[in-house]
Amino acid sequence: MEIPKEKLLEIYERMATIRQFEERVREEFAANRIPGFVHLYAGEEAVAVGVCAHLTDEDMITSTHRGHGHCIAKGVDVKSMMAELYGRATGACKGKGGSMHIADLDRGMLGANGIVGGGIPLACGAALSAQVLGKDNVAVSFFGDGGANEGSFHEGLNLAGVWQLPAIFVAENNGWAESTSSDYSVAGADIAGRARAYGMRGEVVDGLDLFDVYEKAGKAIAAARAGEGPTLLECKTYRFYGHHEGDKQGYRSQEEVQEYRKNHCVIKNFRARTTDENVLTDGELDEIEERVAESIESAVAYAADSPWPEPSDVTEDVYVNYKEVL
Amino acid sequence: MSEERELTMGAAIREALHSEMERDSTVIVMGEDVVGGAGSKLPDAEDCWGGPFGITGGLAGKFGRNRIRDTPISEAGFIGAAIGAAATGLRPVAALMFVDFFGIPMDQIFNQGAKIRYMFGGKAKVPVVIRAAIGGGINAAAQHSQCLYSVFAHIPGLKVVVPSTPYDAKGLMTAAIRDDDLVFFLEHKRLMGSKGHVPEESYVVPLGEALVRREGDDVTVVAIAKMIDLALSAAEGLEAEGVNVEVIDPRSLSPLDGRTIVDSVEKTGRLVIVDEDTPRCNLATDIAALAADEAFYSLEAPIKRVTPPHTPVPFSPALENAYIPSEDRVVTAIREVMAA
């Protein structure tokens, strides 16, 4: 295994943070402590973490409505995330964005996004900035199988192909766009094959295997940094929960979900492989789980204790400056 | 002498782009055919268009293809990329060509660009200028003749400027590029060739400041873009009848300088608004509501709005001439409020 031990521990911590964060968000939402609605990333952790493990704070990502995992993988502070979900003034976006709009540009997180496929052209823009300014940074756009059918996907990939942008497009194919299967809604054999149409590399990735994601994303990102243009990665993955919390999931069986939880859990499988190969120990990983549990607990306490935004804040942050008279 | 120098509005805009690109290396220009001839095998194809109206010609030779980029015909792609680039350190000026094309990139404009700053709690800025041609009068029919600025003015997070003189065009473009928010810069097709005094040096016309183009005591006429010419000409004609018309050019529709308009209405007691945009929920309606809210007790006559009918823009000159507000209609409206 070529991944250094320190990196493996960091990867595990990020995946465990996402899983525990999402399980806790589910409870908090069920208890009516989180307003609005939430889309949980549990089950898909290997994709966000395997890709973002190669990125720096100066590399930008765009995300989706299912964005908590990408935020954590990119290093956004879970306290500010939980406070944002709670709608508090201390949230990552001061309570103005909520679950679907968490952003932290200092960490290179250009926003979750409530519009399917909406982040793809934005990521092209972040890649354009790097290209114009002569930096070796890259931009990664995460989107789902649903997003791959939007016009913004096709326009974004064409533009990236034309300008050879340092961009990586990561299709997270979890099998379902809301309640519609990707078998039904994605024409053609797979999303990765669409890369050929735009003159870029395309690859199918086992999104339920951290090591496969890490390796293929690493190559794509290194190529983009080296000026070799964009790549489309299709990560086949699975979400453990419904489209949103409250989704009764009449489109798939609970047996199927249980099968994935039992045999295709990215965290379990990562632990099994690293401990079987004697690279990491159960003790080290248990310690991480405990540390993560404490951080989630304190994030919830922080959120719950944080003040609500002032009603007068509603008119702040629309513009940098706006000189309307009357 | 600089005082006597005259430029067309198009040349004034080009001069602003040129000097801002020179001043700030993060300013880039992108859009369909903004240079022209990309990928052509002909030796002289470079810069063969300079934009559909020739405004961006000559920039590529000076600043290079890295900073002035022809895009595919892909408005959602490149407008979105301009917004993403603005959030990550550049100041793109993106050319949408005809404003009528806004439907294609609209999600990127109103759900992304306009809302990024707010949704992110003020932790991002989107310094983009989107240039687009507006207006009728060239028989370009329903999909190449609209104004549509009311759509953008409606959306929080967007700014909208509409110059009516070459002087304002240069100063507003300079201000728009230096502005840290997303600014729509709308260029009326029938004003692009109009000439006027433009200083050689750089200057800024601040966003959100209306200009009183003509002073008068009897009636206030607010007119936008090409409609300013009709209002000024109507005012000249009515002078002989002893009617003193004040003509206001808002120049900036969002933010809107309501103070200048309300002050004028309080002075004259009468208001006519001339707007080439379709009548429902347009700027004329918005300005009428503002005057009704803020200057009701000064009004001596009902507010009149002169607009096209609630229809698409027709093609045939016979129909289009009937569609676009005419000077006659402006004169009639002014006489009506004077008679009330």
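The structure displayed is predicted, hence computed values, not measured ones. (Residues numbered from 1 in each chain as written. Chains lettered and ligands numbered in written order. Predicted model: local features only at pLDDT ≥ 70, side-chain atom pairs only at ≥ 80, totals over all residues. Heavy atoms only, no water.)

Peer 1: Could you give me a rundown of the overall build of chain B, with the residues and numbers involved?
Peer 2: When its secondary structure is counted, chain B shows twelve helices and 14 strands. By the compact-globule yardstick of 20 Å for 340 residues, chain B fits well, its C-alpha radius of gyration being 20 Å. In terms of overall dimensions, chain B has C-alpha extents of about 65 × 45 × 45 Å along its principal axes. Counting every position in chain B, which comprises 340 residues, the buried fraction comes to 61%. When the accessible area of chain B is evaluated, it comes to approximately 12,300 Å², of which 52% is carbon and sulfur surface. Taking the average place of the 32 positive charges on the side chains of chain B and the average place of its 47 negative ones, the gap between the two points comes to 5 Å. (Helix = DSSP H or I, 4+ residues; strand = E, 2+ residues; numbered from the N terminus. Rg over C-alpha atoms; globule rule 2.2 N^0.38 Å. Buried < 20%, exposed > 50% of the residue type's maximum accessible area, 1.4 Å probe, protein only. Areas by Shrake-Rupley, 256 points an atom, 1.4 Å probe, with all protein chains shown as cover. Lys, Arg positive; Asp, Glu negative; His and termini not counted. Charge placed at Lys NZ, Arg CZ, Asp CG, Glu CD.)

Peer 1: Outline empty space enclosed by the protein, listing residues and values.
Peer 2: This structure, assessed with the given rule, holds three cavities of 30 Å³ or more. Of the pockets and cavities examined, the largest cavity occupies roughly 90 Å³. Along its surface, the largest cavity is lined by 13 residues, and Pro52, Phe53, Ala95, Met97 and Arg131 of chain B are the ones closest to its centre. Elements supplying a minimum of two residues to the lining of the largest cavity: strand E4 (91–98) and strand E5 (129–134) of chain B. Of the residues contributing to the lining of the largest cavity, the split by class is eight nonpolar, three polar and two charged. The calculated volume of the second largest cavity comes to roughly 60 Å³. Together, Val318 and Tyr319 of chain A together with Gly113, Ala114, Arg117, Lys125, Val126, Gly157, Asp180, Asp181 and Leu182 of chain B line the second largest cavity. For the lining of the second largest cavity, the residue count by class is five nonpolar, two polar and four charged. (1 Å grid on protein atoms, 1.4 Å probe; cavity = no way out; pocket = protein on both sides within 12 Å on 5 of 7 lines; lining within 4 Å. Points joined across faces, edges and corners; volume = space filled by probe spheres on them. Nonpolar A, V, L, I, M, F, W, Y, C, P; charged D, E, K, R; others polar.)

Peer 1: Give a description of the domain arrangement of chain B that names residues and reports values.
Peer 2: Residue and element names in this part refer to chain B. Each assigned domain of chain B is listed with its residue range as follows: domain 1 (2–197) and domain 2 (211–339). One C-alpha centre belongs to domain 1, the other to domain 2, and the line joining them spans 27 Å. Taken together, the contacts link 28 residues of domain 1 with 27 residues of domain 2. On the domain 1 side of the contact with domain 2, Asn139, Tyr149 and Val162 bury the most area, a combined 25% of that side's loss. Joining domain 1 to domain 2, the criterion identifies one salt bridge. (Domains from an automatic or database assignment. Contact = heavy atoms within 4.5 Å. Buried area = accessible area lost by both parts, 1.4 Å probe. Salt bridge = Lys/Arg side-chain N within 4 Å of Asp/Glu carboxyl O.)

Peer 1: Which residues make up helix H11 (residues 282–305) of chain A, and what values do they have?
Peer 2: Residues and elements named next belong to chain A. Here H11 contains 24 residues, and its C-alpha end-to-end distance of 34 Å stays within 8% of the 34 Å for a straight helix at 1.5 Å per residue. By the burial criterion, the buried members of H11 are Leu285, Ile288, Val292, Ile296, Ala299, Val300 and Ala303. Looking at the buried side of H11, the elements it contacts are helix H1 (5–30), helix H4 (78–85) and helix H10 (266–276). (Expected span 1.5 Å × (residues − 1).)

Peer 1: Kindly report on the pairing of strand E3 (residues 167–173) of chain A, identifying the contributing residues and their values.
Peer 2: Residues and elements named next belong to chain A. In terms of burial, E3 is a largely internal element, seven of the seven residues being buried. A two-sided burial pattern is seen for E3, the buried positions comprising Ala167, Phe169, Ala171 and Asn173 on one face and Ile168, Val170 and Glu172 on the other. Relative to E3, strand E2 (residues 139–144) is paired through six bridges, and the arrangement is parallel. Paired with Phe142 across the strands is Val170, a residue of E3. For the handedness criterion, the β-α-β arrangement of E2, helix H6 (residues 151–163) and E3 is classed as right-handed. (Pairing = 2+ DSSP bridges. Right-handed = clockwise from strand over helix to strand, strands pointing away.)

Peer 1: So, unusual backbone geometry: which residues are in play, and what are the values?
Peer 2: All names here are of chain B. Going from Ser254 to Pro255, the amide bond is cis rather than trans, its omega being 0°. Here Pro255 shows up in the loop between strand E12 (252–254) and helix H9 (258–268). Of note, Ala141 is a non-glycine position whose phi angle comes to about 70°, a positive value. For Ala141, the position within the fold is in the loop between E5 and helix H6 (149–153).

Peer 1: Can you break down the interface of chain B and chain A residue by residue, with the values?
Peer 2: Of the residues lining the interface, 57 residues belong to chain B; the matching set on chain A comes to 42 residues. Buried surface at the junction of chain B and chain A, both sides included, amounts to about 4,000 Å², of which 61% is carbon and sulfur. Ranking the residues of chain B by area buried against chain A places Arg69, Tyr118 and Phe120 of chain B at the top, with a combined share of 17%. At the junction of chain B with chain A, the criterion picks out one salt bridge. Put simply, Lys323 of chain A and Glu209 of chain B hold a salt bridge, and the shortest N to O gap is 2.4 Å. Put simply, chain B and chain A have 24 residue pairs in polar contact (both at pLDDT 80 or more) between them. Elements supplying a minimum of two residues to the side of chain B that touches chain A: strand E2 (27–31), strand E3 (68–70), helix H3 (75–86), helix H4 (106–113), helix H5 (116–119), strand E6 (158–161), H9 and helix H10 (283–295) of chain B. Among the elements that make up the side of chain B that touches chain A, the one with the highest residue count is H3 of chain B (nine residues). In terms of residue class, the side of chain B that touches chain A is built from 24 nonpolar, 18 polar and 15 charged. (Polar contact = N/O pair within 3.5 Å; in protein donor to acceptor, adjacent residues only side chain to side chain.)

Peer 1: Describe the sheet that holds strand E11 (residues 245–249) of chain B, and please don't skip the residues or the numbers.
Peer 2: All names here are of chain B. Read across the open sheet, the five strands follow the order E9-E11-E10-E13-E14; overall the sheet is mixed. Taken across any chain shown, the strands that pair with only one partner, and hence form the sheet edges, are strand E9 (211–214) and strand E14 (304–306). Averaged over all adjacent pairs, the angle separating strand axes in this sheet is 25°, with direction ignored. As judged from the four bridges shared by strand E10 (residues 219–223) and strand E13 (residues 271–274), these two strands associate in the parallel manner. Bridge pairing in E13 places Thr220 opposite Leu271. Contacts between helix H8 (residues 227–239) and the sheet are confined to E9, E10, E11 and E13, with E11 contributing the most and set at about 170° to the helix. (Axes fitted to C-alpha atoms, helices over the stretch in contact; angles between N-to-C directions.)

Peer 1: Summarise the pairing of E13 of chain B; cite the residues concerned and give the values.
Peer 2: All names here are of chain B. Of the two faces of E13, the one carrying Leu271 and Ile273 and the one carrying Val272 and Val274 are both buried. Direction of pairing for E13 relative to E14: parallel, over a ladder of three bridges. Counterpart to Val274 in the pairing with E14 is Val306. You can see the chain leave E13, run along H10 and come back into E14, and the turn it takes is right-handed.

Peer 1: Tell me about helix H5 (residues 119–133) of chain A, and please be specific about residues and values.
Peer 2: Residues and elements named next belong to chain A. End to end, H5 covers 21 Å across 15 residues, agreeing with the expected 21 Å (1.5 Å per residue, within 8%). In terms of residue burial, H5 counts as a mostly covered element, since 13 of its 15 residues are buried. Just downstream of H5 lies Gly134, where phi reads positive at about 70°.

Peer 1: Summarise the side chain of Ser141 of chain A; cite the residues concerned and give the values.
Peer 2: Along the chain, the position of Ser141 of chain A falls in strand E2. What makes Ser141 of chain A buried here is its relative accessible area of 0%.

Peer 1: Please set out the pattern of salt bridges residue by residue, giving values where relevant.
Peer 2: A full pass over the atoms with the stated rule returns 42 salt bridges over all chains. Across the salt bridge formed by Lys125 of chain B and Asp180 of chain B, the nearest N and O atoms sit 3.5 Å from each other. One end of the pair, Lys125 of chain B, is in the loop between H5 and E5; the other, Asp180 of chain B, is in the loop between helix H7 (166–178) and strand E7 (182–188), and 55 residues separate them in sequence. Looking at Lys125 of chain B, the relative accessible area reads 37%, which means it is partly exposed. Taken together, the shared-partner salt bridges in this structure form one network comprising Arg24, Glu28, Arg33 and Glu297 of chain A.

Peer 1: Run through the packing of aromatic side chains, naming residues and quoting values.
Peer 2: Within a pair of aromatic rings, the relevant descriptors are the distance that separates the centres and the angle that separates the planes. Within this structure, the stated rule accounts for twelve aromatic pairs over all chains. For the pair Phe98 of chain B and Phe101 of chain B, a centre-to-centre distance of 5.5 Å together with 55° between the ring planes defines the contact as tilted. For the residue pair Phe98 of chain B and Phe101 of chain B, the accessibility class agrees, reading buried in each case. Members of the aromatic cluster, connected to one another through ring pairs, are Tyr12, Phe211 and Phe270 of chain A. For the cation-ring pair, Arg88 of chain A lies above Trp308 of chain A, with the distance from its terminal atom to the ring centre recorded as 3.9 Å. The positively charged end of Arg273 of chain A is found above the aromatic ring belonging to Phe211 of chain A, 4.0 Å away from the centroid. (Phe/Tyr/Trp six-rings, centres within 6.5 Å; stacked < 30°, edge-to-face > 60°. Lys NZ or Arg CZ within 6 Å of the ring centre and 35° of its normal.)

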